[in-house]
Amino acid sequence: MYVLGIETSCDETGVALYHSRHGLVSHVLHSQVRIHAEYGGVVPELASRDHICRLIPLIRRVLAEAGIERHELNGIAYTAGPGLMGALLVGASVARSMAYALGIPAIGIHHMEGHLLAPLLEASRPDFPFVALLVSGGHTQLVQVGGIGDYRLLGESLDDAAGEAFDKTAKLLGLGYPGGPEVARLAEQGQPGRHVFPRPMTDRPGLDFSFSGLKTHTLHVYQASAKTLQDKADIARAFQDAVVETLVIKSGRALAATGLNRLVVAGGVSANRLMRQQLDDMARRTGCQVYFPRLAFCGDNGAMIAYAGYRRLAEGQADSLEIRARPRWPLTETPPLPLPETG
Ligand code: KG4
Ligand code: ZN
């Protein structure tokens, strides 16, 4: 069974092909970073237009690389939400229309479900159940995952997402977009311990996060002390240490609260080196297993959508002929697998 996966929720056009026996066959990604960089963030209209230009050539490329023809496809999966409405509609329209023309099923996938299943593309893959720490530009969530579509929200950010906090801090420090990797790079040169930033909401029980106060704290320290590049690096270091330690503490608490010993970490921020290291250390200390996607699949990509689509289509799930995108879509509203008995 060949499933084509299409991701267009934000500023990356990702296309991939997954096969039921051979696994991931091919994948391509076009990043729009260059288009948005001069504006310091994603411009939705420019994102939609670029997806329109890129998507069909990328689909052709993925099929050519795999050496298969369109009519050999058995299903098409696309990101149906959450994300930018115009950007989502490009993927949804192309996927739904192409599936109709080919007479095959199409399925809309939740973007964060794609992220949380991305580690299942690896050779060393987690079994269900597990706790997922989802850390992207738009979401910071701890989720108890019993299976595909069996998601219980344990905690989430009450304000900024972790990636968003990195992006805003980057702007403050005069770094480029996207800010996460830039802050992480500068932090490597920072002197540890020169500043100690708060670890928000770790002094009370609960699994929610809040990063906006940390951003304000960073601003105050920046205004008071940032004169040289080294000062900025020290601030980046303190900021990164605070975000990472907060995420590690809360992940440990989520594992303890659920009694589970497997942690999956996914989303753009899961590419952060310090975070991967510290979560590995925490896992070693507590006898847990931690699973990450490979670096190429931490951020947005088509492979995770092709895989999630394959798992759902293989169980007989498919969408109606309607072209549907949901810019806001709670993860807990995705349908469970296997389908409940009807009638
Ligand atoms: O999952 P993703 O590609 O897109 C969304 O679904 O939002 O996540 C993008 C986010 C951005 O905020 C970016 O700054 C952050 O992930 N990010 C990082 C790193 N690489 C990407 N944050 C911290 N450290 C990194 N190495
Ligand atoms: Zn994402």
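Residues numbered from 1 in each chain as written. Chains lettered and ligands numbered in written order. Predicted model: local features only at pLDDT ≥ 70, side-chain atom pairs only at ≥ 80, totals over all residues. Heavy atoms only, no water.

## With respect to the side chain of Asp11
For step 1, the next point in the chain: Take Asp11: it is sitting in the loop between β1 (2–7) and β2 (12–19).
For step 2, the next point in the chain: There is no salt bridge for the buried Asp11, and the closest opposite charge comes from Lys171, which lies 12 Å off by N-O distance.
For step 3, the next point in the chain: Discounting chain neighbours no more than four positions away, the residues touching Asp11 are His30, Ser31, Gln32, His36, Val42, His51 and Tyr177. (Helix = DSSP H or I, 4+ residues; strand = E, 2+ residues; numbered from the N terminus. Buried < 20%, exposed > 50% of the residue type's maximum accessible area, 1.4 Å probe, protein only. Lys, Arg positive; Asp, Glu negative; His and termini not counted. Salt bridge = Lys/Arg side-chain N within 4 Å of Asp/Glu carboxyl O. Contact = heavy atoms within 4.5 Å.)

## Some details on unusual backbone geometry
For step 1, the next point in the chain: For the peptide bond that leads from Phe128 to Pro129, omega is -5 degrees, which places it in the cis range.
For step 2, the next point in the chain: Along the polypeptide, Pro129 turns up in the loop between α4 (111–117) and β6 (130–135).
For step 3, the next point in the chain: Residue Pro178 follows Tyr177 across a cis peptide bond; omega there is -5 degrees.
For step 4, the next point in the chain: Non-glycine residue Met201 carries a positive phi angle of around 65 degrees.
For step 5, the next point in the chain: Following the sequence through the fold, Met201 ends up in the loop between α6 (179–187) and α7 (212–225).

## Focus: the pattern of salt bridges
For step 1, the next point in the chain: With the rule as written, the count across this model stands at 17 salt bridges.
For step 2, the next point in the chain: Note that Glu65 is salt-bridged to Arg61, the shortest N-O span being 3.5 Å. Note that Glu65 and Arg61 are positioned in helix α2 (residues 44–66) at a spacing of four residues, about one turn of the helix.
For step 3, the next point in the chain: Residue Arg61 is classed as partly exposed on the basis of its relative accessible area, which comes to 43%.
For step 4, the next point in the chain: The salt bridge partner of Arg294 is Glu122, with a shortest N-O separation of 2.9 Å. A residue pair is termed long-range when its members are at least 10 positions apart, and Arg294 in the loop between β10 (289–291) and α10 (302–314) and Glu122 in the loop between α4 and β6 qualify at 172 residues.
For step 5, the next point in the chain: Under the relative-accessibility criterion, Arg294 is labelled partly exposed at 32%.
For step 6, the next point in the chain: Shared partners join several salt bridges into a network, and the residues in it are Asp160, Glu164, Lys168 and Lys215.

## Section: the domain arrangement of the protein
Interfaces are often sized by the accessible area lost when the parts come together.
For step 1, the next point in the chain: Per the domain assignment, the segments of the protein are domain 1 (2–117 + 297–333) and domain 2 (128–292).
For step 2, the next point in the chain: Taking the mean C-alpha position of each, domain 1 and domain 2 sit 27 Å from one another.
For step 3, the next point in the chain: Every contact between the two is made by 19 residues of domain 1 and, on the other side, 23 residues of domain 2.
For step 4, the next point in the chain: A combined buried area of about 1600 Å² lies between domain 1 and domain 2, and 73% of that area is made up of carbon and sulfur atoms.
For step 5, the next point in the chain: Among the residues domain 1 hides against domain 2, the three largest losses belong to Met112, Leu116 and Cys298. Together they make up 37% of the total.
For step 6, the next point in the chain: On inspection of domain 1 and its partner domain 2, the count reaches zero salt bridges. (Domains from an automatic or database assignment. Buried area = accessible area lost by both parts, 1.4 Å probe.)

## Quick word on the nonpolar core
For step 1, the next point in the chain: Grouped together as the largest cluster of nonpolar side chains are 43 residues, with contacts concentrated most on Leu133, Leu247, Leu263, Val265 and Leu279.
For step 2, the next point in the chain: Of all elements in the fold, only β6, α5 (162–172), α6, α7, α8 (229–258), β9 (262–266) and α9 (273–286) reach the threshold of two or more residues within this core.
For step 3, the next point in the chain: For this core, the element with the highest residue contribution is α8, accounting for twelve residues.
For step 4, the next point in the chain: Setting aside residues no more than four positions away along its own chain, Leu263 makes contact with Val131, Leu133, Ser251, Leu255, Leu279, Met282, Gln289, Val290 and Tyr291.
For step 5, the next point in the chain: Counting 33 residues, the second-largest nonpolar core is a separate cluster that includes Ala16, Ile148, Met304 and Leu331. (Core = buried A, V, L, I, M, F, W, Y, C linked by side-chain atoms within 4.5 Å.)

## Details of the site of ligand 1
For step 1, the next point in the chain: Neighbouring residues of ligand 1: 17 residues in total, closest Gly137, Asp167, Gly180, Gly268 and Asn272.
For step 2, the next point in the chain: Between ligand 1 and the protein, one listed contact pairs a nitrogen atom with a side-chain N or O atom of Asn272 at 2.9 Å.
For step 3, the next point in the chain: In the model, an oxygen atom of ligand 1 is placed 3.2 Å from a nitrogen or oxygen of the Asp300 main chain.
For step 4, the next point in the chain: Breaking the shell around ligand 1 down by element, the ones donating at least two residues are α4, α5 and α6.
For step 5, the next point in the chain: Looking at the shell around ligand 1 element by element, the count peaks at three residues for α5.
For step 6, the next point in the chain: Class assignment for the residues of the shell around ligand 1 results in four nonpolar, eleven polar and two charged. (Near = heavy atom within 4 Å. Polar contact = N/O pair within 3.5 Å; in protein donor to acceptor, adjacent residues only side chain to side chain. Nonpolar A, V, L, I, M, F, W, Y, C, P; charged D, E, K, R; others polar.)

## Comments concerning the sheet that holds β9
For step 1, the next point in the chain: Ordered by their spatial adjacency, five strands build an open sheet running β8-β7-β6-β9-β10, and the pairing between neighbours is mixed. Of all strands in the sheet, those with a lone pairing partner are β8 (150–156) and β10, marking the two edges. Each adjacent strand pair in this sheet contributes to an overall mean axis angle of 25 degrees, direction not counted.
For step 2, the next point in the chain: Looking at chain direction, β9 and β10 are connected through three bridges and run parallel. Counted as the bridge partner of Arg262 is Gln289 from β10.
For step 3, the next point in the chain: Contacts from α9 reach β6, β9 and β10 within the one sheet, and its direction differs from that of β9 by about 175 degrees. (Pairing = 2+ DSSP bridges. Axes fitted to C-alpha atoms, helices over the stretch in contact; angles between N-to-C directions.)

## Details of the packing of aromatic side chains
For step 1, the next point in the chain: According to the stated counting rule, one finds six aromatic pairs in the structure shown.
For step 2, the next point in the chain: Aromatic pair Phe166 and Phe239: ring centres 5.1 Å apart, planes at 85 degrees, arrangement edge-to-face. Here Phe166, found in helix α5, pairs with Phe239, found in helix α8; they are 73 residues apart in sequence, far enough to count as distant. Like Phe166, the residue Phe239 is buried in the burial classification.
For step 3, the next point in the chain: Following the ring pairs from residue to residue traces out a cluster consisting of Tyr18, Tyr307 and Tyr310.
For step 4, the next point in the chain: In this structure, Lys250 packs its charged tip against the face of Phe209, placed 6.0 Å from the ring centre. (Phe/Tyr/Trp six-rings, centres within 6.5 Å; stacked < 30°, edge-to-face > 60°. Lys NZ or Arg CZ within 6 Å of the ring centre and 35° of its normal.)

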